[in-house]
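Each chain, written out:
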Protein chains: 2
Amino acid sequence: MLLSRFFLPVLKESPKDAEIISHKLMLRAGMVQQSSSGIYSWLPLGKIVLDKITDICRREMILTGANEILMPTLQSADIWKESGRYEDYGKEMLRIKDRNDRDLLYGPTNEELVTEIFRTHVKSYKELSLNLFHIQWKFRDEVRPRFGVMRGREFLMKDAYSFDVDYESSINSYNIMFISYMQLFKKMGLKAIPMKADTGPIGGDLSHEFIIIADTGESEVYLEKDYFSLEDNLKQVDYNQNLQKYVDKFTSFYAATEEKHDHNDPKIQSLNLVKTRGIEVGHIFHFGQKYSSPMNATVSHNNGENVPVFMGSYGVGLSRLVGAVIEANHDENGIVWPKELAPWDYNIINLKNGNVDCDKTCSDLYNLIKNLNKSVLYDDTNERAGAKLAKADLLGLPFQIIVGPNGVKDKLFDLKNRRSSKIERLSYSELSNFINENR
Amino acid sequence: MLLSRFFLPVLKESPKDAEIISHKLMLRAGMVQQSSSGIYSWLPLGKIVLDKITDICRREMILTGANEILMPTLQSADIWKESGRYEDYGKEMLRIKDRNDRDLLYGPTNEELVTEIFRTHVKSYKELSLNLFHIQWKFRDEVRPRFGVMRGREFLMKDAYSFDVDYESSINSYNIMFISYMQLFKKMGLKAIPMKADTGPIGGDLSHEFIIIADTGESEVYLEKDYFSLEDNLKQVDYNQNLQKYVDKFTSFYAATEEKHDHNDPKIQSLNLVKTRGIEVGHIFHFGQKYSSPMNATVSHNNGENVPVFMGSYGVGLSRLVGAVIEANHDENGIVWPKELAPWDYNIINLKNGNVDCDKTCSDLYNLIKNLNKSVLYDDTNERAGAKLAKADLLGLPFQIIVGPNGVKDKLFDLKNRRSSKIERLSYSELSNFINENR
């Protein structure tokens, strides 16, 4: 991508109304723009990262055998009255009347709607187990929206729903989602910690939230040190096996947020604990027949009986993740993308646009990188060198290739690793070897 | 994809409440499900086709150099009061109050919001021309939603917005979108007719709608016969050139809907007209400074003056297109997908699931097709042969490969072309040659 053709409205000053670092950096790097309280427009750079996160999440859901559907944003109030949650949900639910005075609402979650789809079409245990997921905008009318996309009102969520004929197979479906979450966060270059959680307005008997580690995270977390080696060794699993042993491994470690952590508990005295900070980015629930019973979503069992189907629901906060990833990956100069989520792999910086040698060299490099199937942003604008270098650090692509009039004469280029800040001076062939090997 | 693992709730009976053929077929083939009046859930098969249409549209926008953003579904009423459209829009606009009693609305279109984004960031002619597009759900509270996704209330639209410093470059941006629409409909396997149109609530001085031809379409259309050879010869154009000559060619033909067609006009007496039917699937508008003036979205001209920016907007009805494509491509047995939009290229039908030879042969074919990078749906269910064949015709994939216990003994297979209904009996090597050549 040529920067001159890319709409990237970078802010020079740090925005005053942003309280946390990810919000500041997303505004400064031209990733999002607030349109009203807690509601954001995604500008091209933000959209690219949101799409990468969404794509990794979607692929993992498909690997588990889940089927992708797409439910609408607006739902009829009727099904929420059936489940009994219409009144329960309180003011966070955005209630709407249409021109015919019918009650609609902007879905904050989709247990009711997906249960309605299920009960319309599925009647027999033979069609189970089934997992339906979708990726759609949700709305929760927060009292005080803040922290940018981390606690917005309109937000993008991946939510999956599992349906099983009995408790045991339902726990297996829960385990598949548990492990798939560990996989997808790892594929995003993030360290995730599963933690026993309260079930809140979703309900149920079993729930875990997934917290990713970030120094500037919202919650303090206590965790056994050995957890990290387990997480590091996680390989792609086959979802067709019984996954209980994997889940047991992850849940055998002590992990608790500040609120739940009891410093005086004798059981934890002997553990090698580390204190860190984290951000919740996923939450899974097993709630059995909580919705299927009142909504009469039953299937015939192989013994001929009709039973309300056993369900779970599984959410990943996709738009929230963009902020969370930045909380976990930044320094004083800007964003430092994990390579898995970087909008582009390389950033070519032409320090002297208009200089024939610099222009030619940059174009050659640009084509070389594209031909090696890596992605590249080429800063071909007329800005001064200092501003270009600062912008490149702000944008945080993994590698910068800096091309200036001095080096270009000797065919030497500076390759900067954004994370380590290390700069190497390389010849064209050394550089092209590096790009080739770094694929 | 194995059909046994794909959520495809096919209906045996034709749904009574569906008035038009595309709506009937989408319900029967398990593509969508109504969740409330004019609001649909997309089931896996529908989602695949919606994604294909969206993807073709997105790629063409990117080819033109447009930048993808993503604006939210809910907008503040304030900007609509600025433009003066808040009252104008009438009851089709879904108005919402949040918990703090602030006026929001579910965006029916995005001229105001994109103008606000523009005016925040762009100040100079040097940053123009600019085209921002997004793909997002919209809501129009139709008096009488009907015809399934063809006239839903919540619908998916691609809308692009162009910004230019003067009238001439603004017309160039309009022309780029005009031609990109001809390209993208062609890439979907559809015949599109551009027609001069009224500007309606969007406003402006110049507008075209794009109608695709379908025997069961909503409008009668009169068109010069020679138009079709021009459309057939359309090649990929380079968007960096002046496109006026291409636009002039397409608009030099007579084309009018029944309402605008004057049978007694002497000018059309000598034309070789054909009468056909069509469905509107795209609409483009040039409205200059209609929004930028009241909203004060100005840019500095190279003469130093500040001028309200010249704009156009360009919509494609993506969810509507799914219905429109089926209106244009079906027969009495079901859908007949154009190959460009088919959910899969091949449909393997195992007439005797459980027969060792049939199962083995079908698996081999399944792997063969996937290895040749074509997509395939394999009906590996236990349904009876007749039901499987009827379902395959209903789903309408371009080619069916029918494997039964008789043919399999002699290693012969039936290859059915869904569109022509022609069946050829082929050996394994003939079949694999066919698939290979048909890539």
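Computed from a predicted model, the values in this text were never measured in an experiment.

**Let's talk about the interface of chain A and chain B**
Here's step 1: On the side of chain B, 54 residues touch chain A, which itself brings 54 residues to the contact.
Here's step 2: Both sides together, the interface formed by chain A and chain B hides about 4500 Å², and carbon and sulfur atoms give 57% of it.
Here's step 3: The largest share of the area that chain A buries against chain B comes from F7(A), L70(A) and R99(A), three residues that together contribute 17% of it.
Here's step 4: On the surface where chain A and chain B come into contact, there are four salt bridges.
Here's step 5: Seen at the junction of chain A and chain B, the total is 22 residue pairs in polar contact (both at pLDDT 80 or more).
Here's step 6: Looking at side-chain class alone, the side of chain A that touches chain B contains 27 nonpolar, 12 polar and 15 charged residues.

**Observations concerning empty space enclosed by the protein**
All names here are of chain A.
Here's step 1: For the coordinates displayed, the defined rule picks out five cavities of 30 Å³ or more.
Here's step 2: Of the voids in this model, the largest cavity is the one considered here, and its volume is about 50 Å³.
Here's step 3: For the largest cavity, the full set of lining residues is Y40, W42, W137, V149, E154, F155 and S319.
Here's step 4: Contributions of two or more residues to the lining of the largest cavity are made by strand 2 (39-42) and strand 8 (154-164).
Here's step 5: Looking at the lining of the largest cavity residue by residue, the classes come out as five nonpolar, one polar and one charged.

**A closer look at the packing of helix 11 (residues 356-371) of chain B against helix 14 (residues 428-437) of chain B**
Residues and elements named next belong to chain B.
Here's step 1: Where helix 11 contacts helix 14, the two axes come as close as 10 Å, and the packing angle between them is 25°. With respect to their mutual orientation, helix 11 and helix 14 come out roughly parallel. The two elements helix 11 and helix 14 meet at a crossing, and its hand is right-handed. Here helix 11 contributes D364, L365, L368 and I369 to the contact with helix 14, which in turn contributes Y428, L431, S432 and I435.

**Section: the nonpolar core**
Here's step 1: F185(A) and F185(B) are the most contacted members of the largest nonpolar core, which totals 176 residues.
Here's step 2: Sequence-distant contacts of F185(A), defined by excluding residues within four places in its chain, comprise L190(A), A192(A), F210(A), I212(A), V281(A), G282(A), V316(A) and L321(A).

**As for the sheet that holds strand 5 (residues 94-97) of chain A**
Residue and element names in this part refer to chain A.
Here's step 1: Strand order in this open sheet of three strands is 4-6-5, and the pairing throughout is antiparallel. The sheet is open, and its two edges are formed by strand 4 (74-76) and strand 5, each paired on a single side. Each neighbouring strand pair of the sheet contributes to a mean axis angle of 35°, computed without reference to strand direction.
Here's step 2: Across three bridges, the pairing between strand 4 and strand 6 (residues 103-106) is antiparallel. Bridge pairing in strand 6 places Q75 opposite L105.

**A look at the relation of the copies chain A and chain B**
Here's step 1: Each copy superposes on the other: chain A lies on chain B with an RMSD of 0.0 Å after a rotation of 180° and an axial shift of 0.0 Å. Such a combination of turn and shift is consistent with a two-fold rotation axis. Identified as the residue of chain A closest to the rotation axis by C-alpha distance is I96(A), at 3.0 Å.
Here's step 2: Counting the interface residues of chain A, we find that 100% of their copies in chain B are interface residues as well, pointing to one common contact surface.

**Section: helix 13 (residues 428-437) of chain A**
Residues and elements named next belong to chain A.
Here's step 1: What helix 13 keeps buried is the set L431, S432 and I435. Down the axis of helix 13, the smallest arc covering the buried residues is 95°, so these residues share one side.
Here's step 2: Of the surrounding secondary structure, the elements contacted by the buried residues of helix 13 are strand 19 (346-350), helix 10 (356-371), strand 21 (399-403), strand 22 (412-417) and strand 23 (423-427).

**Some words on unusual backbone geometry**
Here's step 1: In this structure, S129(A) follows L128(A) across a cis peptide bond, with omega equal to 5°.
Here's step 2: Mapped onto the secondary structure, S129(A) falls in the loop between helix 5 (111-121) and strand 7 (130-139).
Here's step 3: One non-glycine residue, N296(B), lies in positive phi territory at about 60°.
Here's step 4: Take N296(B): it is sitting in the loop between helix 9 (292-295) and strand 14 (298-300).
Here's step 5: Even without glycine at this site, S421(B) takes up a positive phi of about 65°.
Here's step 6: Within the fold, S421(B) resides in the loop between strand 22 (412-417) and strand 23 (423-427).
Here's step 7: Residue S421(B) is classed as partly exposed on the basis of its relative accessible area, which comes to 39%.

Rules behind the numbers
Residues numbered from 1 in each chain as written. Chains lettered and ligands numbered in written order. Predicted model: local features only at pLDDT ≥ 70, side-chain atom pairs only at ≥ 80, totals over all residues. Heavy atoms only, no water. Contact = heavy atoms within 4.5 Å. Buried area = accessible area lost by both parts, 1.4 Å probe. Salt bridge = Lys/Arg side-chain N within 4 Å of Asp/Glu carboxyl O. Polar contact = N/O pair within 3.5 Å; in protein donor to acceptor, adjacent residues only side chain to side chain. Nonpolar A, V, L, I, M, F, W, Y, C, P; charged D, E, K, R; others polar. 1 Å grid on protein atoms, 1.4 Å probe; cavity = no way out; pocket = protein on both sides within 12 Å on 5 of 7 lines; lining within 4 Å. Points joined across faces, edges and corners; volume = space filled by probe spheres on them. Helix = DSSP H or I, 4+ residues; strand = E, 2+ residues; numbered from the N terminus. Axes fitted to C-alpha atoms, helices over the stretch in contact; angles between N-to-C directions. Parallel < 35°, antiparallel > 145°, perpendicular 65-115°, else oblique. Left-handed = near helix turned anticlockwise from the far one by under 90°. Core = buried A, V, L, I, M, F, W, Y, C linked by side-chain atoms within 4.5 Å. Buried < 20%, exposed > 50% of the residue type's maximum accessible area, 1.4 Å probe, protein only. Pairing = 2+ DSSP bridges. Least-squares fit on C-alpha atoms with pLDDT ≥ 70 in both. Arc of directions from axis to C-beta.

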